[in-house]
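Here is how the chains run, residue by residue.
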Amino acid sequence: MPPRRSLQRRLAQAILDASETCGGPSRPAIWPRHGEKSHGRVVALLVWASLLWERTILKPADWSLQPRCQHLWVYPGWRQQGLFPTAAMSNMQDGWNDPEANVLPEKVEQLEKDGEIPKDGKRKRIVVVGLGMVGIAFIEKIMKLDVKRREWDIIVIGEEAHLAYNRVGLTSFFQHREVENLYLNPKEWVRLLCAVQPPLLSRKQYGSMPEGSLNYHLNERVVDINQESKTVKTSLDHTVPYDVLVLATGSDALLPRHTPGHDAKGVFVYRTIEDLQRLIEFADTKKGSNGAVVGGGLLGLEAAKAMMDLERFGKVKLIERNRWVLSRQLDQDAGSMVVEQVRALGLDVLLSKRVGKINVDEENNVKGVTFEDGESMDCTCICFAIGIRARDELARKAGIKCADRGGGIVIDNNLETSAPGVYAIGECASWENSTFGLIAPGIEMADVLAFNLTQAKSHSYRKFQRPDLSTKLKLLGVEVASFGDFFADRDGPKELPATKRHGAAAKEVKESAEQTKVKSLTDGPAPPPVKALTYKDPFQNVYKKYLFTLDGKYLLGGMMIGDTSDYIKLVPMVKNKKAIEVPPSEFIIGQKGEDDGSDLPDDTQICSCHNVLKGDVAKTIKDGTCKSIGDVKSCTKAGTGCGGCMPLVQTIFNKEMAAMGQEVKNHLCPHFEYSRADLFNIIYVDKLDDFAAVMSRAGKDPKSMGCEVCKPTIGSILASLFNKHIIDTRQRGLQDTNDRFLGNIQRNGTFSVIPRVPGGEITPDKLIIIGTVAKKYSLYTKITGGQRIDMFGAKKQDLLAIWTELVEGGMESGHAYAKSLRTVKSCVGTTWCRFGIGDSVGMAVRLEERYKSIRAPHKFKGGVSGCVRECAEAQNKDFGLIATDKGFNIFVGGNGGATPRHSDLLAKDVPPDDVVPILDRYFAFYIRTADKLQRTARWIENLPGGIAYLRSVILEDKLGLCASLEQQMQDLIQSYFCEWTETIKNPERRAHFVQFANTTDNQDTIENVTERGQPRPAYWPEQPANVDFKNHKWTGELAWQPLVEAHRFVDSPTGASQPVKRGDTQLAIFKLRGRYYATQQMCPHKRAFALSEGLIGQSADAASPKMWVSCPFHKRNYELGDPATSAAAGSCGNDESMSIASFSAEARDDGWVYVKLPPVPELDALLGTERWKVRKEEAADPFAKLDERLRVGAAAKGTRGRKVNGDASHLEGAPGAAKKVEEILNGGEPTAKSMDW
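Residues numbered from 1 in each chain as written. Predicted model: local features only at pLDDT ≥ 70, side-chain atom pairs only at ≥ 80, totals over all residues. Heavy atoms only, no water.

So the rule is basically this: UniProt positions are given in the numbering used here, feature names are shortened, and annotations may be inferred rather than shown by experiment.
Going by what an unreviewed UniProt entry lists, the protein is known as Nitrite reductase [NAD(P)H] and is assigned to Carpinus fangiana. Taken directly from UniProt, the Pathway (unreviewed entry) text for the protein runs: "Nitrogen metabolism; nitrate reduction (assimilation)." Listed under Sequence similarities (unreviewed entry) in UniProt, the entry text for the protein is "Belongs to the nitrite and sulfite reductase 4Fe-4S domain family."

Next up, the structure:
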């Protein structure tokens, strides 16, 4: 015998000796007591057995001692520590029994020692009928819960000859052929807890449950229940009394007894160990023939695998009546993928086939089947796995109510039957007309009943609720899982997360449901209110389908094939009905990482505003030119236009810096080595109230003028902290053009005027005022998405007059131009809506009035909905409220725009009185900590811990900041003023609102086009002004011309500028640190006359600083300088194709600023406004082809009533809009003289 084999045999014999020794009634000297140190010999044997087993040195076949070793008690701790072969202890299946119940003998011994088990008192008796998986689960749980109370004695009666075994693992029986390996508990567990016969191990040694606590009867069937005497009668004529009767009789496998030949030799079912033993014996007599399994469900696939594992049949065929397998768990796509995979493993699958009859020979042996479609198939063995039927015959005989259709003992939510004191659990029970063939619902029933019989008297009774039918199995090597409401898209959701409704809302829901019911009779049923997210990979054989509510906030269920790794984390999400905090797509593709641009070639355009390529950004980082994101913006101008490219620019910067081993800095710009949040704290702590003080305290160069990046950021911070008027001398130079003129600049250099309409609520009087102003100043009007009215086309010189009329009419600035609160959108809520459960308008008005004018890192918007119908779209706003019957749910961090984001739930059922403090903290924390130009959506995403961290700060005061945040917000609110009003009242501020500083002339720079009855500017030309303005050679002699009084330029650290007119030419004059510079007013890019309104920037190079003006439209940066001394004056730093003309300028003692210019005719020939005025014919009409198509189509089809340009009325003879207005203004007299507009 080889040495290894000899070692195996010696080791096996040693273990056998140990098992024989410990099998007697007394404790051997070598066997340790619980708590004693283990004897080296036995432990060593167990350890070596484990190692040899795991390394496949000791084969299962070598364990000839197993039948004699089955009484060996093994501590659970040893098994967990690997001191006993896992495979050999498959009877200790933690998946199905209670781990705490495994150690009950030791636990009882300790409780008895401590005197915690009652010795006296009458105990009641529970009789459990059925010793299956659910029956043993109930016994385990009630013994654990009753161990201290000792209120119950338990008798269990099982009709099989075996202890409770794992039916789910039946297929493994074909491999090991050992029944004990399927036991859910070792025999010793039961015998140690029973008093029917002497225990195999001394109670003194291990301890046991108190005498009589658990008794069992095997191979004995209950045949009758006497409800009056509360007794059961068994097949051995025993009568057993009960106080509580628990029926756990399980189910039987279905056999189609209507099918001819169902009783033939070779017909089997797949349900019990005896079924499998008979199948094994029969298969040995039919080697090489065909075997068949009928039923393509979970059990059918298991049976097919078992028959294949027998290796007796030449071919195994699976017969399924549906078009795919696992139709109870999977949809067609998933089921078809399983079919493909099991076919590849050698299983012949026949779909859409029904067995018509079983063909037999003269001796009633199976020889084949004939299908209902007439086709036939040869086979010698058929195993039916077509389902189960609840075993309710015992209950029916006793007069206990059972379900007529489908069978099952009817139970209520307490698991009680129609007979008092009689309960049913597991597959035999019918709850709400449903029986459950899975183990999990039965285990849950056992848990509920055990709790109610022991703990409920000192707590509260538990109710059985709809069970989780999730399953995860490996069938024929294929991973399969389904969870939650996995057919919600097909059958409709069984249950949806919903807000409770009362009163009118509940009535309306009922009415709506009845209307839907009627509509379904005529139009068919409506589609289920779910959305499915599906992933299918035919190459890796992976299929996933997850079902969500329509808003994507709740996961309802799903199914998986191939990759079921997420099953364990998805099931709790469905069971807990908790709103998910990530986009549904992340469940399929995983969390989206940053797009670092690594897969983009260098010639990819990443900034369309300035035509910046990825390579441009990467190059400036690699060569050391740019060491911060601010440097990148200054050098390349990427992100200084619309800003939409900044996330990608930032990640490219981070990746390149990391690749070079450099620290990634979040500096504001080249002038500050601080982030926006850091700078905010410096300004806040040191109380710095102007740009010069901030630069002196925190800037790299204390005397720098900053740039177009840092100036608006600092201006915003100062406004957020001190709320001074933004166009005062010390603040104006920090502002973008919109803030400088308190209105959004438009394509033609005019501005929009948007008065505040809190909550979208406006009176007819104010509507008349808006209409009157718009008509008087020829303004284009449009309703915004934020429920207010935009008026476009206001000239700079008309703004004061327009504001005056609006303010006199009781209106104020809407701050549509600012990085501040825009609007709080609302539905009508309980004000008018019959569905409303909250006053959404009232809350929206109050919130908008509170937070109006407050500046933040970016604009923010709100919404308030009066019910879950969400008409105000509050969940895609920076903050949103949805009314509930207890208050409001508060959502934050949503936004639309280029990267839409659904908001997160911050707080639930907040009383109206508590809404404001929470929002105060939220806004103040955002203002303090967000990055520059960062919306709340990105801010929350970047917070450490996301929304959970924000909740801890805002709701739990984790940082101890809540009081400070509330006070900061209160201070800001108390400092409110209407910026329009204060500008109207102040002569110094009014002086900025002129088109030219040296004349009252006015010029239009873009032609107006009348469209749909309103004026709009002509479209921009496709091409820029392709002229080399910088290098133009003047032919005439340049002469000094006085153009503007010097007192119009204030001395400011941020610079000052004025627009002037010479002939037909518009010029911009700048004063920077006592020096004057002059350029053309027009930016060649879009021929926009606006350079005097641009921000002034200065490079961070202190040795030779450059200065530039940044066009307010698209941030082209033009260098400022005297052309007589600087060859670079007029060049564009971020677009080499652009340049502007520059002129020498100086102030003289007479108080005027002089500019050295060519003669007017030559100047106008190059720069005249009429030459560069944008005209209608320069750009094609984008709707020309569409309008023609619509016109032809309408004429051909006789379409009526559709108007593109509509002033006329549909009523014949009616006056139309313009004339009707005249009638109204004239008191209804059409012939009277109208107002002179």
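Focus on a nonpolar patch on the surface
To be explicit about the condition: What goes into a patch is any residue over 30% in relative accessible area without a salt bridge, connected to like charges within 9 Å or, for nonpolar side chains (Val, Leu, Ile, Met, Phe, Trp, Tyr), within 5 Å. A 1.4 Å probe and the Shrake-Rupley method give the accessible areas. Residues count as covered only by the protein chains that appear here. Should a side-chain nitrogen of Lys or Arg be within 4 Å of a carboxyl oxygen of Asp or Glu, the pair is scored as a salt bridge. Numbering goes from the N terminus for both helices and strands, where a helix is a DSSP run of H or I of at least four residues and a strand is a run of E of at least two. Note on exposure labels: buried denotes an accessible area under 20% of the residue type's maximum, exposed denotes more than 50%, and partly exposed covers the range between, all computed with a 1.4 Å probe on protein chains only.
Together, Phe1183, Leu1186 and Leu1190 give the surface a local cluster of nonpolar side chains, amounting to about 280 Å² of exposed area. Inspection of the secondary structure assignment puts leucine 1186 in helix α39 (residues 1184–1197). By relative accessible area, leucine 1186 is classed as partly exposed at 41%.

Some words on helix α31 (residues 912–929)
In an α-helix, one turn spans 3.6 residues, which is why side chains three or four residues apart end up on the same side. What counts, and what does not: A helix is expected to span 1.5 Å multiplied by its residue count minus one.
Its 18 residues give α31 an end-to-end C-alpha distance of 27 Å, which sits within 8% of 26 Å, the value for a rise of 1.5 Å per residue. The complete set of buried residues in α31 reads Val915, Ile918, Leu919, Asp920, Arg921, Tyr922, Phe923, Ala924, Phe925, Tyr926, Ile927 and Arg928.

What to know about the packing of helix α28 (residues 764–776) against helix α29 (residues 799–808)
Rule in force here: For every element, the axis is a line fit to its C-alpha atoms; helices are fit only across the contacting stretch, and the angle between N-to-C directions ranges from 0 to 180 degrees. The scheme is simple: roughly parallel for angles under 35 degrees, roughly antiparallel for over 145, roughly perpendicular for 65 to 115, oblique for anything else. Should the near helix be turned counterclockwise from the far one by less than a right angle, the crossing is left-handed, whereas a clockwise turn marks it as right-handed. Contacts were defined at the residue level, with two residues in contact if any of their heavy atoms lie within 4.5 Å.
In the contact formed by α28 and α29, the axes pass within 10 Å of each other and the chain directions differ by 165 degrees. Taken together, the axes of α28 and α29 lie roughly antiparallel to each other. The way α28 lies across α29 gives a crossing that is right-handed. Residues Ile769, Ile770, Val773 and Lys776 of α28 form the contact with α29, whose own contacting residues are Ile802, Glu805 and Leu806.

Notes on the pattern of salt bridges
Enumeration according to the criterion identifies 58 salt bridges in this entry. A salt bridge links glutamate 375 to lysine 353; the nearest nitrogen and oxygen atoms lie 2.6 Å apart. Taken together, the residues span a long stretch of sequence, with glutamate 375 in the loop between β14 (366–371) and β15 (376–378) and lysine 353 in the loop between β12 (348–350) and β13 (355–360) at a distance of 22 residues. Of the residues examined, glutamate 375 reaches a relative accessible area of 46% and is grouped as partly exposed. A salt bridge links aspartate 739 to arginine 855; its shortest N-O distance comes to 3.2 Å. Here aspartate 739 is found in helix α27 (residues 737–740), whereas its partner arginine 855 is found in the loop between α30 (840–851) and β32 (860–865), with 116 residues between them in sequence. We note that aspartate 739, like arginine 855, is buried.

Overview of the packing of aromatic side chains
Selection rule: The rule is short: rings of Phe, Tyr and Trp, with Trp giving its six-membered ring, pair when the centres are within 6.5 Å, and they are stacked under 30 degrees, edge-to-face over 60, tilted in between. Lysine NZ or arginine CZ positioned within 6 Å of the ring centre and within 35 degrees of the ring normal marks a charge as sitting over the ring.
According to the stated counting rule, one finds 23 aromatic pairs in the structure shown. Aromatic pair phenylalanine 486 and phenylalanine 487: ring centres 5.2 Å apart, planes at 70 degrees, arrangement edge-to-face. Each of the two residues, phenylalanine 486 as well as phenylalanine 487, counts as buried. Through successive ring pairs, a cluster of aromatic residues spans Tyr851, Phe860, Phe879, Tyr922, Phe923, Phe925, Tyr926 and Trp939. Residue placement shows arginine 869 over the ring face of phenylalanine 835; its charged tip is 3.6 Å from the ring centre.

Focus: the packing of helix α20 (residues 614–622) against helix α22 (residues 646–659)
Here α20 crosses α22 at 40 degrees, and the two axes come no closer than 10 Å. With respect to their mutual orientation, α20 and α22 come out oblique. In the packing of α20 onto α22, the handedness of the crossing is right-handed. For the pair formed by α20 and α22, the contact residues are Lys614, Val617, Ala618, Ile621 and Lys622 on the first element and Ile652, Phe653, Glu656 and Met657 on the second.

Topic: the sheet that holds strand β19 (residues 422–424)
Stated formally: For two strands to be treated as a pair, DSSP must find no fewer than two bridges joining them.
An order of β3-β2-β1-β7-β19 is seen for the 5 strands of this open sheet, with the pairing classed as parallel. Among the strands making up the open sheet, the edge pair consists of β3 (214–217) and β19. Here the strands of the sheet are splayed against their neighbours by 20 degrees on average, with no regard to which way each runs. When strand β1 (residues 124–129) meets strand β7 (residues 244–247), the two strands line up parallel, connected through 4 bridges. Along β7, the bridge assignment pairs valine 129 with leucine 247.

Here's the deal with the pairing of β32
On any regular strand, side chains alternate: one points to one face of the sheet, the next to the other face. Here is the rule we go by: Here, the term right-handed applies to a crossover whose path from the first strand over the helix to the second runs clockwise when the strands point away from the viewer.
Taking burial as the measure, the 6 residues of β32 include 5 buried ones, the bulk of the element. Alignment of strand β31 (residues 821–826) against β32, held across 4 bridges, turns out to be parallel. For serine 826, the partnering residue across the bridge sits in β32 and is valine 864. One crossover worth recording links β31 to the parallel β32 by way of α30, and it is left-handed. Taken together, the 4 bridges between β32 and strand β33 (residues 879–884) define a ladder with parallel strand orientation. Opposite glycine 862, over in β33, you have phenylalanine 879 as the bridge partner.

Thoughts on unusual backbone geometry
In this structure, lysine 230 takes a positive phi of about 55 degrees despite not being glycine. Taking relative accessible area as the criterion, lysine 230 reaches 31% and is therefore assigned partly exposed. Positive phi is not limited to glycine here, since serine 352 has a value of about 55 degrees. If you trace the backbone, serine 352 turns up in the loop between β12 and β13.

Concerning the nonpolar core
Where a protein is soluble and globular, its nonpolar side chains tend to be buried together. To keep it simple, the criterion reads: Take the buried Ala, Val, Leu, Ile, Met, Phe, Trp, Tyr and Cys residues and link them wherever side-chain atoms come within 4.5 Å; each set so joined is a nonpolar core.
Within the largest apolar cluster, 104 residues are counted, with the highest numbers of intra-cluster contacts made by Phe138, Leu247 and Ile425. Looking at this core element by element, the count peaks at 8 residues for helix α7 (residues 133–145). With sequence-adjacent residues up to four places away left out, isoleucine 425 is seen in contact with Val134, Phe138, Val246, Leu247, Ala248, Leu415, Met445, Ala446 and Leu449.

What to know about the sheet that holds strand β35 (residues 904–910)
As summarised here, the arrangement of the 5 strands in space is β31-β32-β33-β34-β35, forming an open sheet in which the pairing is mixed. Single-partner strands in this sheet number two, and they are β31 and β35. The sheet shows a mean angle of 15 degrees between the axes of neighbouring strands, direction not considered. Sitting on the sheet, α30 touches β31, β32, β33 and β34 (887–892), and the angle it makes with β31 is about 175 degrees. In this fold α31 packs onto β32, β33, β34 and β35, with an angle of close to 15 degrees to the strand it touches most, β34.

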